[in-house]
Amino acid sequence: MEEKKNMKSSVLILCVNYRNDAETSAFVRAAANLPSRAANIVVISNSPSEKTGGLEPLNNIEGVQVLFPEKNLGYFGGAAYGLSSYLDTHPLPDWVIVSNTDIEFQDPAFFCKLAELYVQHPPAVIGPDILLVSRNGHPSSRTHQNPYYCKRPIPGKMRLLAAISGNYFTYTAYEFLSSLRYAAMNMVARVRLREAVEETAADRPRPIYAPFGAFMVFHRQYFESGGNLSYGSFLFGEEIFIAETARRLGMTIVYDPRLRLCHREHGVMLNVPSRQIAHYAAQSVRYLARTYFSD
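Quick caveat, the model's predicted, so the values are computed rather than measured.

## Considering the overall build of the chain
So, point 1. If you tally the helices and strands in the chain, you get 10 helices and 9 strands.
So, point 2. Across the 295 residues that make up the chain, the buried fraction comes to 51%.
So, point 3. A separation threshold of at least 6 residues defines the contact pool for the chain, and within that pool the share at least 24 residues apart is 81%.
So, point 4. Only carbon and sulfur atoms are counted for the fraction: they give 54% of the accessible area of the chain, which is about 14400 Å².

Shown next as structure tokens:
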């Protein structure tokens, strides 16, 4: 254990597990086996480890640590907990990645490219090209999930979303219609605009307002300049929190399609959200509208 604490790292992955030990284990092992891999991976489990095939064996992988908070901290809450625990015994690395566990590194050179592309003048936050693979046929976004927002949403839109999410039935209808709209958009792109979509995906890096939350890459300057992961809501809306933090501190967020990932998104919460999910969504959008879009 002492050897792990003294390891020097340039990249840290923070991944948050919730009742999906098998998928989390597969993600960690895949990330740990990549060339120029992240030196350290911290798993924050918001649920108890399963008795069979749980997360504890991951502690045997060099540089991997599994944490079990006393309660469910949410996505960024768990990531913030993991980063704080990591920094108790390690210096701040060059890069901190906050990731879902349903991400696949289809490009084995992902970390090599990250190191090579940003030797000089790195942005504060990077959103890679995230290719969505929906498991139930009803996607939650475009096929290429970044940029999440190219420009800052207008306050009126945020207030409208807050109103929609305040009622379970209107929120459910909105999410279902959104999934149908994205499915139609993706179908048209595949059938009629394939070349345009591929050209867009192969575009050069460019500044954006907000990156997609399934996989965010933070340069150390984000934290050294006053940024943090201490989001004021439990779940959803982390993208806008990061965008507004960077905006307030005068930092740059970049979409870089040269860094590519695959997101095999869960279908469980996409089309008919539970009342608990609707509650979290409403709570977050109200928090964001009140905190950043009240003018």
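From this point on, the discussion continues.
## Digging into the side chain of Ser25
So, point 1. Secondary-structure assignment places Ser25 in helix H2 (residues 21–32).
So, point 2. Those residues within four positions of Ser25 in sequence are excluded, and the remaining contacts are Gly54, Leu55 and Leu58.

## With respect to the confidence of the model for the chain
So, point 1. Looking at the chain, the pLDDT average stands at 82 and 77% of residues meet or exceed 70.
So, point 2. A low-confidence stretch, residues 1–9 (pLDDT under 50), is modelled with 20 contacts involving residues beyond four sequence positions or located in other chains.
So, point 3. Contacts for the low-pLDDT stretch residues 267–273, under 50 throughout, to residues beyond four places or in other chains number 20 contacts.

## Describing the side chain of Asp256
So, point 1. Residue position: Asp256 is located in strand E9 (residues 253–265).
So, point 2. At a separation of 2.6 Å, a polar atom in the side chain of Asp256 contacts the side chain of Tyr118.
So, point 3. With sequence-adjacent residues up to four places away left out, Asp256 is seen in contact with Leu117, Tyr118, Ile126, Gly127, Pro128, Asp129 and Pro205.

## Looking at the environment of Gly78
So, point 1. Residue placement: Gly78 occurs in helix H3 (residues 75–87).
So, point 2. Apart from the residues within four sequence positions on either side, Gly78 is in contact with Val16, Ile44 and Leu73.

## Side note on H3
Because each turn of an α-helix spans 3.6 residues, side chains separated by three or four positions end up pointing in the same direction.
So, point 1. For H3, built from 13 residues, the straight-helix expectation of 18 Å at 1.5 Å per residue is met to within 8% by its first-to-last C-alpha distance of 19 Å.
So, point 2. Here H3 has its buried residues at Tyr75, Phe76, Gly78, Ala79, Gly82, Leu83 and Tyr86. In a view along the axis of H3, the buried residues occupy a sector of 155 degrees, so they form one face of it.

## Things to note about the nonpolar core
So, point 1. Among the nonpolar cores identified, the biggest contains 44 residues, and Leu14, Phe76, Phe218, Tyr222, Leu229 and Ile242 are the most heavily contacted of them.
So, point 2. Ranked by residue count, the leading element in this core is helix H10 (residues 275–292), at 6 residues.
So, point 3. In contact with Ile242, other than residues within four places in its own chain, are Phe76, Val125, Met216, Phe218, Tyr222, Asn228, Leu229 and Ile253.
So, point 4. Core analysis: the next-biggest nonpolar cluster, separate from the first, contains 33 residues, Val11, Phe212, Val254 and Leu259 among them.

## Examining the pattern of salt bridges
Between side chains of opposite charge, a pair can form as their charged atoms come close.
So, point 1. In total, this model carries 7 salt bridges according to the counting rule given.
So, point 2. With its nearest N and O atoms 2.7 Å apart, the salt bridge here joins Asp107 to Lys113.
So, point 3. Of the residues examined, Asp107 reaches a relative accessible area of 16% and is grouped as buried.
So, point 4. Take Lys113: its relative accessible area is 31%, and that puts it in the partly exposed class.
So, point 5. Via salt bridges that share partners, Asp94, Arg220 and Glu224 belong to a single interconnected network.

## Some details on the packing of aromatic side chains
So, point 1. Inspection of the entire model under this criterion finds 19 aromatic pairs.
So, point 2. Between Tyr75 and Phe76, the ring centres sit 5.6 Å apart and the planes meet at 50 degrees, which makes this aromatic pair tilted.
So, point 3. The class of Tyr75 is buried, set by a relative accessible area of 10%.
So, point 4. A ring pair is formed by Tyr231 and Tyr287, whose centres lie 5.8 Å apart and whose planes are at 80 degrees; its orientation type is edge-to-face. Placement of the pair is Tyr231 in the loop between helix H8 (220–224) and helix H9 (238–249) and Tyr287 in helix H10, with a sequence separation of 56 residues.
So, point 5. You can call Tyr231 buried: its relative accessible area is 9%.
So, point 6. A connected cluster of aromatic rings, assembled from ring pairs, spans Tyr75, Phe76, Tyr231, Phe241, Tyr287 and Tyr292.

## Details of unusual backbone geometry
So, point 1. Backbone torsion omega between Asn146 and Pro147 reads -5 degrees, so that peptide bond is classified as cis.
So, point 2. Even without glycine at this site, Arg19 takes up a positive phi of about 55 degrees.
So, point 3. On the secondary structure map, Arg19 appears in the loop between strand E1 (11–17) and H2.
So, point 4. Positive phi outside glycine occurs at His121, with the angle close to 55 degrees.
So, point 5. Assignment of secondary structure puts His121 in the loop between helix H4 (110–117) and strand E6 (125–134).

Criteria and cut-off values
- Residues numbered from 1 in each chain as written.
- Predicted model: local features only at pLDDT ≥ 70, side-chain atom pairs only at ≥ 80, totals over all residues.
- Heavy atoms only, no water.
- Helix = DSSP H or I, 4+ residues; strand = E, 2+ residues; numbered from the N terminus.
- Buried < 20%, exposed > 50% of the residue type's maximum accessible area, 1.4 Å probe, protein only.
- Contact = heavy atoms within 4.5 Å.
- Areas by Shrake-Rupley, 256 points an atom, 1.4 Å probe, with all protein chains shown as cover.
- pLDDT = per-residue confidence, 0-100.
- Polar contact = N/O pair within 3.5 Å; in protein donor to acceptor, adjacent residues only side chain to side chain.
- Expected span 1.5 Å × (residues − 1).
- Arc of directions from axis to C-beta.
- Core = buried A, V, L, I, M, F, W, Y, C linked by side-chain atoms within 4.5 Å.
- Salt bridge = Lys/Arg side-chain N within 4 Å of Asp/Glu carboxyl O.
- Phe/Tyr/Trp six-rings, centres within 6.5 Å; stacked < 30°, edge-to-face > 60°.

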